[in-house]
Amino acid sequence: MDGDVPAETDVAVVGGGPGGYVAALRAADAGADVTLIERDALGGVCLNHGCIPSKALLSATGLAARAGRAERMGVYADPEIRPDETRRWTDSVVRRLTRGVELLCERAEVTVVDGTATFEGPGRLRVGDETLAFERAVLATGSRPIELPGVPFDAPGVLDSRAALELDPAPDRLVVVGGGYVGMELATVFARLGTDVAVAEMEGEVLPGFPADLAAPVRERAADAGVEVHLNHRATGHRETEGGIAVTLDGPEGERELAGDAALVAVGREPVVDTLNPSAAGLSTDERGFLPTDETQETPVDGIYAVGDVAGEPMLAHAAMHEGRVAAADATGATPVPPARAVPAVAFTDPEVATVGTTADAADDDALVGEFPFRASGRALAADEREGFVRVVAASDGTVIGGEVVGPDASEVIAELGLAVATAATLDEVAATVHAHPTLAEATLEAATDALGTGVHGG
């Protein structure tokens with residue numbers, strides 16, 4: 001990163017995560033002079049401390065897990081995971097991607113400044129001891145983990161997701177507070193590394209943001225891997241023990257404790273706005289702390305945009321990237337980029353879970369719903385991945401309005417359903433699209449024909 005802060009710039013981008021660096025690159029491509037301010041590392045939390053390292057660890061440990069349960073396929077193995085080598089490989093993936101973002105910024109002639117940006121007043125940012133005047137600004141300061149009062153992050157043994165990913169070696173026992181996608185993904189990683197994991201979730205099912213019948217297979221697979229899951233249990237406090245930490249839970253049968261060497265708290269994230277001194281620019285947050293925006297990602301203050309987690313739900317990296325494109329186009333007068341019509345939500349658990357658009361539970365009573373189980377899929381059976389299903393949801397006129405997937409490569413299978421929702425495709429159009437055989441994607445075609453009542457391979 002550059003150390004010098006320019007006196008002025010056309011577009012100032014605060015935050016170098018997925019939303020910020022994409023906005024910076026698109027604004028520079030439109031001919032604007034762009035300054036990107038990042039206080040940690042380009043790529044943000046997602047690339048450096050979240051999405052990428054966690055998925056790399058899930059991939060590596062998942063490979064070992066699949067090999068270890070492949071006896072039905074005639075494959076007998078006892079894989080050994082060497083955590084030090086796995087982490088070195090994970091770090092190399094992060095470095096490669098971070099360097100890639102740096103090169104993109106260099107080639108686009110984006111000025112990258114290391115520091116924290118704070119509003120001094122309208123059209124002015126303070127970075128260190130320097131003032132940067134701007135015509136337009138894109139705020140992409142991201143989010144941070146929510147802290148529980150009874151289990152604060154500054155207590156010994158209490159970890160957020162970033163600290164958990166940096167644990168070396170893996171603990172013998174880990175308590176995970178929060179059974180959302182972050183909690184369940186990391187519970188899976190540590191269980192595969194040999195840690196005894198216990199998860200406490202305050203709702204009645206893990207992955208509470210997803211339909212229950214998609215989440216249940218994740219909980220069941222976790223239990224098969226040795227993960228204890230305690231539903232309807234709220235963490236209320238903690239105490240230090242000789243061996244680590246004990247988390248106090250309030251559940252249906254009263255109080256209990258879960259003991260571990262450490263406790264990961266993963267109960268959600270909150271926007272980072274306080275570092276900006278937003279009132280100096282005339283900005284205010286909504287009741288949840290987000291910066292409100294219109295469909296172009298512009299805030300109520302002319303010329304100031306917000307993208308990604310700081311702008312509200314969905315707090316997802318791919319949503320942030322699209323919002324960065326939308327904001328950059330509007331800020332530079334380039335060809336407008338329409339708001340996202342369909343944003344998939346994915347949990348990279350075991351099995352994977354993904355949804356897009358309207359779920360079957362939320363659809364009208366006259367909606368058309370079709371489903372196809374992977375146990376009837378030739379490709380899934382050939383890969384010994386028979387658990388899960390694809391579900392398609394359509395309005396009464398046949399227009400696809402949503403999709404749900406749980407099972408192998410759900411994060412990839414959901415893309416076709418997202419395209420169908422975004423383009424208002426019909427069930428007939430999906431059913432008439434020839435899918436390669438044998439593939440997991442065929443399950444989408446089969447789900448569409450099931451909704452139409454014309455399916456022939458229903459399981």
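The preceding data block contains the structure.
Let me begin by describing the structure that accompanies this report. Every value quoted in this text rests on a predicted model; they were computed, and no experiment measured them. (Residues numbered from 1 in each chain as written. Predicted model: local features only at pLDDT ≥ 70, side-chain atom pairs only at ≥ 80, totals over all residues. Heavy atoms only, no water.)

### Description of the packing of helix 3 (residues 51-68) against helix 4 (residues 83-107)
Relative placement of two packed helices is described by the angle separating their axes and the distance separating the axes. Packing of helix 3 against helix 4 leaves a shortest axis separation of 9 Å and a crossing angle of 140 degrees. The orientation of helix 3 relative to helix 4 falls into the category oblique. Crossing angle aside, the handedness with which helix 3 passes helix 4 is right-handed. Across the interface between the two elements, I52, P53, A56, L57 and A60 of helix 3 pack against T86, R87, W89, T90, V93, V94 and L97 of helix 4. The residue makeup of the contact of helix 3 with helix 4, split by class, is nine nonpolar, two polar and one charged. (Axes fitted to C-alpha atoms, helices over the stretch in contact; angles between N-to-C directions. Helix = DSSP H or I, 4+ residues; strand = E, 2+ residues; numbered from the N terminus. Parallel < 35°, antiparallel > 145°, perpendicular 65-115°, else oblique. Left-handed = near helix turned anticlockwise from the far one by under 90°. Contact = heavy atoms within 4.5 Å. Nonpolar A, V, L, I, M, F, W, Y, C, P; charged D, E, K, R; others polar.)

### Looking at helix 8 (residues 317-332)
It helps to recall that an α-helix has 3.6 residues per turn; residues three or four apart then point in one direction. The terminal C-alpha atoms of helix 8 lie 23 Å apart, and with 16 residues this matches the ideal 22 Å at 1.5 Å per residue to within 8%. Burial in helix 8 covers these residues: A319, A320, E323, G324, V326, A327, A328, A329 and A331. Backbone geometry just after helix 8 places G333 at a positive phi near 75 degrees. (Expected span 1.5 Å × (residues − 1). Buried < 20%, exposed > 50% of the residue type's maximum accessible area, 1.4 Å probe, protein only.)

### Section: the sheet that holds strand 11 (residues 228-231)
The strand order across the open sheet built from five strands is 8-15-9-10-11, with neighbouring strands paired in parallel fashion. Where the open sheet ends on each side, the last strands, each with one partner, are strand 8 (158-159) and strand 11. Relative to strand 15 (residues 262-265), strand 8 runs parallel, the two being bridged by two bridges. Of the residues in strand 15, the one forming a bridge with L159 is L264. Strand contacts of helix 6 (residues 181-192): strand 9 (173-177), strand 10 (196-201) and strand 15, with the helix running at about 165 degrees to strand 10, the strand carrying the most contacts. (Pairing = 2+ DSSP bridges.)

### Points about the environment of A235
Relative to the helices and strands, A235 is located in strand 12 (residues 234-241). A C-alpha to C-alpha distance of 11 Å links A235 and A246, two positions 11 residues apart in sequence. Contact partners of A235, with chain neighbours within four places excluded, come to L148, V151, V177, V247, T248 and L249.

### Describing the pairing of strand 6 (residues 130-139)
Relative to strand 6, strand 1 (residues 8-14) runs parallel, the two sharing six bridges. By the bridge assignment for strand 6, V13 is matched with V138. Note: strand 5 (residues 124-127) against strand 6, four bridges, orientation antiparallel. Considered in strand 6, the bridge of R126 is made with T131. As defined by bridge partners, strand 6 adjoins strand 17 (residues 304-306) across three bridges and the pair is classed as parallel. Residue pairing for strand 17: V138 is matched across the bridge by Y305.

### Regarding the environment of A447
Positionally, A447 belongs in helix 12 (residues 442-452). Distance from A447 to H457, taken between C-alpha atoms, is 9.7 Å for residues 10 residues apart in sequence.

### Some details on the side chain of D309
Among the structural elements, D309 can be located in the loop between strand 17 and helix 8. One polar contact links D309 to S143, side chain to side chain, over a distance of 2.6 Å. Apart from residues no more than four positions distant in its own chain, D309 is found in contact with G142, S143, R269, P271, F290, M315 and L316. (Polar contact = N/O pair within 3.5 Å; in protein donor to acceptor, adjacent residues only side chain to side chain.)

### Some details on a negative patch on the surface
Residues E8, D10, D33 and E135 make up a contiguous surface patch of negative charge. Along the chain, E135 falls in strand 6. E135 sits in the exposed class, given a relative accessible area of 56%. (Patch = residues over 30% accessible without salt bridge, like charges linked within 9 Å, V, L, I, M, F, W, Y side chains within 5 Å. Areas by Shrake-Rupley, 256 points an atom, 1.4 Å probe, with all protein chains shown as cover. Salt bridge = Lys/Arg side-chain N within 4 Å of Asp/Glu carboxyl O. Lys, Arg positive; Asp, Glu negative; His and termini not counted. Charge placed at Lys NZ, Arg CZ, Asp CG, Glu CD.)

### Some details on the packing of helix 3 against helix 6
Orientation of helix 3 relative to helix 6, taken along the N-to-C sense of each, is 45 degrees, at an axis distance of 9 Å. Classified by the angle their axes make, helix 3 and helix 6 are oblique. Considering only the axes of helix 3 and helix 6, their crossing is left-handed. Residues S54, K55, L57, L58, T61, G62 and A65 of helix 3 touch helix 6, and the partners they reach there are E185, L186, T188, V189 and R192. Tallied by class, residues from the contact of helix 3 with helix 6 come to five nonpolar, four polar and three charged.

### What about the environment of M184?
Structurally, M184 is set in helix 6. Taking the C-alpha atoms as reference points, M184 and A347, separated by 163 residues in sequence, lie 8.6 Å from one another. When neighbours within four sequence positions are excluded, M184 is seen to be in contact with G179, V199, V206, L207, V218, A222 and T349.

### As for the sheet that holds strand 12
A sheet is described by the order of its strands in space; here three strands give the open sequence 12-13-14, paired in antiparallel fashion. A single partner strand is all that each edge strand has here, and the edge strands are strand 12 and strand 14 (254-260). The mean inter-strand angle of the sheet, taken between neighbouring strand axes irrespective of direction, is 25 degrees. Pairing of strand 13 (residues 244-251) with strand 14 involves seven bridges; the strand directions are antiparallel. The residue of strand 14 that forms the bridge with A246 is A259.

Keep in mind these numbers describe shape, not what the thing actually does.
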